[in-house]
Amino acid sequence: MTNEKRMIGVAAVALSLLLPLSAAPAWADAAAVAATASIPSATSPQEAIATLDNALLEAMKGGKALGYAGRYRIVSPVVKQLFDFEKIASLTMGPYWAQLHGAQQKEFMAVLADYTAATYAARFDRYDGERFAITTSQALQPGTMGVFTTFTEHNGKVHRFDYLLQQTDGQWRIVNVVADGVSDLSMKRAEYTDTMKNKGFQALVAHLRKQIEGYARGGGQ
C-alpha cells in the first residue's frame, strides 16, 4: 500500500472524530496522575509516537527477566499519558456513552486504559533485534495528525502501525491505531456496542477485566 493510500485511509478514520460527542468530565484518577507525572508532555505527534516506541522497546528488552508485571510498569504510565482515553471511550461506546452516568464513564475509561497497557505488556514481551521507525506524518485536519510507522521483526517481516493523534491543551494524544490496515477504534466500537446492546455495561467491563487477568497469567487474547 502506498503512503498516499495509507494517508487517505487514516483520513477517513479521522472523519469519525467529527461525530458529536456527549459532554463528559475529564476524569483524572489520582494514581494515574502520579504514575505519569514524570513523563514529559509530547509537543509533537512524532515525539508522542517515539515515546511509545521507546517504552515498548524497553519492555521488550526486559522480556522474561522483567516478567509481565515489570513490562506493565514500563508501558502503563506511557500509555495512560499518550492515549486520549476519554475520546476513545466515547467513540468506541457510540450512542451508549451518553447513557452512562459519570461514575460509569470514569470506570470504563480506567478499565480501557488498563486493558490497553496490558495488551502491550503481554504482546511486546521479547526482543530479538526488532525495530520501530517513523516513516512519515501528515496533517489530516486542523488539530489532527497521522503518523505512519513500521515495526520490523528480526526475520525482516514489516508491520505497519498508523496512528491518528489529536491535540488537546497543547499535548498530542493518540486516538486510534491502524495495525496492518485494521482499525483498532473500529474493531472496539463494533465489539463494545454489540456487548452493550445485548449484555449491558457490567458485562462489558467484566469481559475487559477478564482479558486483563488473562494477560497477567500469561494467556488470553
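Here the structure is a predicted model, which is why all the values come from computation and not from measurement.

A word on the sheet that holds strand β3 (residues 158-168)
Step number 1: Spatial strand order, β1-β2-β3-β4-β5: five strands in an open sheet with antiparallel pairing. What marks the edges here is a single partner per strand, and that holds for β1 (131-141) and β5 (182-183).
Step number 2: Bridge count for strand β2 (residues 144-152) against β3 is nine bridges, and the pairing is antiparallel. The partner of Thr149 across the bridge, within β3, is Phe161.
Step number 3: Contacts between helix α3 (residues 45-82) and the sheet are confined to β1, β2, β3 and β4 (171-179), with β4 contributing the most and set at about 65° to the helix.

Things to note about the pattern of salt bridges
Step number 1: Taken as a whole and judged by the stated rule, the model has four salt bridges.
Step number 2: A salt bridge links Asp125 to Arg126; the shortest N-O distance between them is 3.3 Å.
Step number 3: On the basis of relative accessible area, Asp125 is assigned to the buried category, the value being 19%.

What about α3?
Step number 1: Taking 1.5 Å per residue, 38 residues should reach 56 Å; α3 reaches only 10 Å between its end C-alpha atoms and comes up short.
Step number 2: Most pronounced at Leu66, the bend in α3 amounts to some 130°.

Here we look at the pairing of β1
Step number 1: Here nine bridges tie β1 to β2, and the two strands are oriented antiparallel to one another. Looking at β2, one finds that Ser137 is bridged to Val147.
Step number 2: Remark: two residues form the turn of the hairpin made by β1 and β2, two consecutive strands paired antiparallel; Gly143 in that turn has positive phi of roughly 80°.

Quick look at the confidence of the model for the protein chain
Step number 1: Scored by pLDDT, the protein chain has a mean of 86; 80% of the residues are at 70 or more.
Step number 2: For residues 11-38, every residue scores under 50 in pLDDT, and the model assigns this stretch 38 contacts once sequence neighbours within four places are set aside.

Notes on the side chain of Gln105
Step number 1: Its location among the elements puts Gln105 in helix α5 (residues 102-123).
Step number 2: Here Trp97 takes part through its backbone oxygen, which lies 3.1 Å from a polar atom of the side chain of Gln105.

Some details on the nonpolar core
Step number 1: Residues Leu52, Phe83, Met93, Phe108, Tyr120, Tyr163 and Ile174 are the most contacted members of the largest nonpolar core, which totals 56 residues.
Step number 2: Put simply, the parts of the chain that give this core at least two residues each are α3, α4 (85-93), α5, β2, β3, β4, α6 (184-198) and α7 (201-216).
Step number 3: In terms of residue count, the dominant contributor to this core is α3 (15 residues).
Step number 4: Setting aside residues up to four positions removed in sequence, Phe83 forms contacts with Leu52, Ile88, Tyr120, Arg173, Ile174 and Val177.

Digging into the layout of surface pockets
Step number 1: Of the voids in this model, the largest pocket is the one considered here, and its volume is about 980 Å³.
Step number 2: Secondary structure elements with two or more residues in the lining of the largest pocket: α4, α5, β3, β4 and α6.

Concerning unusual backbone geometry
Step number 1: One non-glycine residue, Asp169, adopts positive backbone phi at about 55°.
Step number 2: Tracing the backbone through its elements, the reader meets Asp169 in the loop between β3 and β4.
Step number 3: Unlike most non-glycine residues, Asp180 shows phi in positive territory, near 50°.
Step number 4: The topology assignment puts Asp180 in the loop between β4 and β5.
Step number 5: The exposure class assigned to Asp180 is partly exposed, which follows from its relative accessible area of 38%.

Criteria and cut-off values
Residues numbered from 1 in each chain as written. Predicted model: local features only at pLDDT ≥ 70, side-chain atom pairs only at ≥ 80, totals over all residues. Heavy atoms only, no water. Pairing = 2+ DSSP bridges. Helix = DSSP H or I, 4+ residues; strand = E, 2+ residues; numbered from the N terminus. Contact = heavy atoms within 4.5 Å. Axes fitted to C-alpha atoms, helices over the stretch in contact; angles between N-to-C directions. Salt bridge = Lys/Arg side-chain N within 4 Å of Asp/Glu carboxyl O. Buried < 20%, exposed > 50% of the residue type's maximum accessible area, 1.4 Å probe, protein only. Expected span 1.5 Å × (residues − 1). Bend = angle between axes of the 7 residues up to and from the residue. pLDDT = per-residue confidence, 0-100. Polar contact = N/O pair within 3.5 Å; in protein donor to acceptor, adjacent residues only side chain to side chain. Core = buried A, V, L, I, M, F, W, Y, C linked by side-chain atoms within 4.5 Å. 1 Å grid on protein atoms, 1.4 Å probe; cavity = no way out; pocket = protein on both sides within 12 Å on 5 of 7 lines; lining within 4 Å. Points joined across faces, edges and corners; volume = space filled by probe spheres on them.

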